[in-house]
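Descriptive analysis of the structure
Listed below are the residues making up each chain.
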Amino acid sequence: MSKSIQQKMHEQHVVWQRDHEAWLADIDQWKKQLQGILANLSEVEIALRDALDAIEAHADAVWDNQQRLRAHELAISEEARLGANKTDKEWAAAHSKQASRHERLAEAHERIKKHHHSVIAAAERLLNKISKPL
């Protein structure tokens, strides 16, 4: 016994109704997920502003280190100009301290650089992804 056209259409309508119900359940879940993300955007903004503040502090530390280096180099150059070609223990200690400071700054810079690149890459991927039409 073969099904009538009306029966086949009715069966197809039942399948379509199940599809609609599943799709609406998906949509409800997606809306809840997006609402949760939107609620956390303020935390993302705070984290990005903190990162910007940290970069500003790092820039200040680089500038400070640069000024110390210039002063150190000036003093050593003046000593050499005066013909005192041997640096005393105080200058050697100051140089060692400067070298240590520079090394810590270099390590901090690399840490910041890696973190910054990963954050920017993730943000750009997200922005590119969400800007595409659905």
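Residues numbered from 1 in each chain as written. Predicted model: local features only at pLDDT ≥ 70, side-chain atom pairs only at ≥ 80, totals over all residues. Heavy atoms only, no water.

1. Digging into the side chain of Gln98
Relative to the elements of secondary structure, Gln98 occurs in helix 2 (residues 89-131). Not counting chain neighbours up to four residues away, the residues in contact with Gln98 comprise Asn65, Arg68 and Leu69. (Helix = DSSP H or I, 4+ residues; strand = E, 2+ residues; numbered from the N terminus. Contact = heavy atoms within 4.5 Å.)

2. Some words on the packing of helix 1 (residues 5-81) against helix 2
Packing of helix 1 against helix 2 leaves a shortest axis separation of 10 Å and a crossing angle of 155 degrees. Taken together, the axes of helix 1 and helix 2 are roughly antiparallel relative to one another. The crossing of helix 1 and helix 2 is left-handed. Contacts between helix 1 and helix 2 involve Leu48, Ile55, His58, Ala61, Val62, Asn65, Arg68, Leu69, His72, Ala75 and Glu79 from the first element and Trp91, Ala94, His95, Gln98, Arg101, His102, Leu105, Ala108, His109, Ile112, His116 and Val119 from the second. Class assignment for the residues of the contact of helix 1 with helix 2 results in 12 nonpolar, eight polar and three charged. (Axes fitted to C-alpha atoms, helices over the stretch in contact; angles between N-to-C directions. Parallel < 35°, antiparallel > 145°, perpendicular 65-115°, else oblique. Left-handed = near helix turned anticlockwise from the far one by under 90°. Nonpolar A, V, L, I, M, F, W, Y, C, P; charged D, E, K, R; others polar.)

3. A word on the pattern of salt bridges
Opposite charge on two side chains permits them to pair, given that their charged atoms come into close proximity. The tally for this structure, following the rule as stated, stands at three salt bridges. Here Glu11 ties to Lys3 by a salt bridge, and the two come within 2.5 Å at their closest N and O atoms. (Salt bridge = Lys/Arg side-chain N within 4 Å of Asp/Glu carboxyl O.)

4. A word on helix 1
Its 77 residues give helix 1 an end-to-end C-alpha distance of 105 Å, which sits within 8% of 114 Å, the value for a rise of 1.5 Å per residue. Along helix 1, the sharpest kink reaches roughly 35 degrees, centred on Asn40. Residues of helix 1 that are buried: His58, Asn65, His72 and Glu79. As for helix 1, its buried residues are in contact with helix 2. Positive phi shows up at Gly83, right after helix 1, with a value of about 85 degrees. (Expected span 1.5 Å × (residues − 1). Bend = angle between axes of the 7 residues up to and from the residue. Buried < 20%, exposed > 50% of the residue type's maximum accessible area, 1.4 Å probe, protein only.)

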